[in-house]
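An overview of the molecular structure
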Amino acid sequence: MTSTPEETVKRMAEEIEKSSSSLRGLNVKLRGYYDRLEVIYKQYRRRVPVKDLSFQEEFRAAVLELKTLADESNDFWQGVRAYFRSLNKAELAANSRMNVKQMNISALAFNRQVDELYTVVKNIQTLAKDVPMRLNWWLLEASCEDLTKITSRVLFLIRDMEKYL
């Protein structure tokens, strides 16, 4: 990262907003899968043939989309973290103060999106344990953990930046 601290702060804010909106969309999609899984569960319980045959493939695609989001975010934030560690703290300009405070608010909203993701995933897991389907739980849980680590790192980085403003 060879840009100025102000440009990096703006890119950080854009990345948080982009990740938050992507995660919001994935949360809505996973809630839809919960509703579909509820119907599938009722069909299994009544021993009726399952009519939603594309559920597994679509669910796997959503999990891969979540994993991609987590990996891309992780790569970006590791680069930003390394940049700010090597940066002279005096280079953080006073006009970045407002951007950093706004970014903190956005990061807290992103953290709430990750918490909502955990809630949706736990609801799906509770219902899916009685349905004999092979769903990619390991990748889903790993992606959730990665996003939690990312939000923790982002919030810590923002708090660290606020010290020097």
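1. Observations concerning the confidence of the model for the protein chain
Mean pLDDT over the protein chain stands at 87; residues scoring 70 or higher make up 95%. Predicted confidence in the protein chain is weakest over helix α3 (residues 97–128), with a mean pLDDT of 89, and strongest over helix α2 (residues 55–86), with 91.

2. Overview of the packing of aromatic side chains
The full count for this structure, using the stated rule, is 6 aromatic pairs. Relative to phenylalanine 55, the ring of tyrosine 33 has its centre 5.8 Å away and its plane inclined at 85 degrees; by these criteria the two rings are edge-to-face. Taken together, the residues tyrosine 33 in helix α1 (residues 5–45) and phenylalanine 55 in helix α2 connect sequence positions 22 residues apart. Overall, phenylalanine 55 belongs to the buried group, its relative accessible area being 0%. An angle of 85 degrees between the planes, with centres 5.1 Å apart, marks the rings of phenylalanine 76 and tryptophan 77 as edge-to-face.

3. Overview of the pattern of salt bridges
For side chains bearing opposite charge, pairing can occur when the charged atoms are close. Tallying each qualifying case throughout the model produces 8 salt bridges. Residue lysine 29 pairs with glutamate 65 through a salt bridge whose shortest N-O separation is 2.9 Å. A residue pair is termed long-range when its members are at least 10 positions apart, and lysine 29 in helix α1 and glutamate 65 in helix α2 qualify at 36 residues. Arginine 36 is the partner of glutamate 58 in a salt bridge, and the nearest nitrogen-oxygen pair spans 2.5 Å. One end of the pair, glutamate 58, is in helix α2; the other, arginine 36, is in helix α1, with 22 residues separating them in the sequence. Each of Arg36, Asp52 and Glu58 takes part in one network of salt bridges that share partners.

4. Quick notes on α1
The end-to-end C-alpha distance of α1, which contains 41 residues, comes to 58 Å, matching closely the 60 Å that a straight helix rising 1.5 Å per residue would cover. Once α1 finishes, arginine 47 follows within two positions and takes phi at roughly 60 degrees, a positive value.

5. Section: the packing of α2 against helix α4 (residues 137–163)
For the pair α2 and α4, the least separation of the axes is 9 Å and the interaxial angle reads 25 degrees. In this view, α2 runs roughly parallel relative to α4, as classed from their interaxial angle. For the element pair α2 and α4, the recorded crossing hand is left-handed. The residue makeup of the contact of α2 with α4, split by class, is 17 nonpolar, 4 polar and 5 charged.

6. Notes on the nonpolar core
Counting 47 residues, the largest nonpolar core has Met12, Phe59, Trp77, Phe84 and Leu147 as the members making the most contacts within it. Those elements giving two or more residues to this core turn out to be α1, α2, α3 and α4. It is α2 that provides the largest number of residues to this core, a total of 12 residues. Ignoring any residue separated from it by four or fewer positions in sequence, one finds methionine 12 in contact with Phe76, Trp77, Val80, Phe84, Met103, Leu157 and Met161.

Here is what the cut-offs are and how they apply
Residues numbered from 1 in each chain as written. Predicted model: local features only at pLDDT ≥ 70, side-chain atom pairs only at ≥ 80, totals over all residues. Heavy atoms only, no water. pLDDT = per-residue confidence, 0-100. Helix = DSSP H or I, 4+ residues; strand = E, 2+ residues; numbered from the N terminus. Phe/Tyr/Trp six-rings, centres within 6.5 Å; stacked < 30°, edge-to-face > 60°. Buried < 20%, exposed > 50% of the residue type's maximum accessible area, 1.4 Å probe, protein only. Salt bridge = Lys/Arg side-chain N within 4 Å of Asp/Glu carboxyl O. Expected span 1.5 Å × (residues − 1). Axes fitted to C-alpha atoms, helices over the stretch in contact; angles between N-to-C directions. Parallel < 35°, antiparallel > 145°, perpendicular 65-115°, else oblique. Left-handed = near helix turned anticlockwise from the far one by under 90°. Nonpolar A, V, L, I, M, F, W, Y, C, P; charged D, E, K, R; others polar. Core = buried A, V, L, I, M, F, W, Y, C linked by side-chain atoms within 4.5 Å. Contact = heavy atoms within 4.5 Å.

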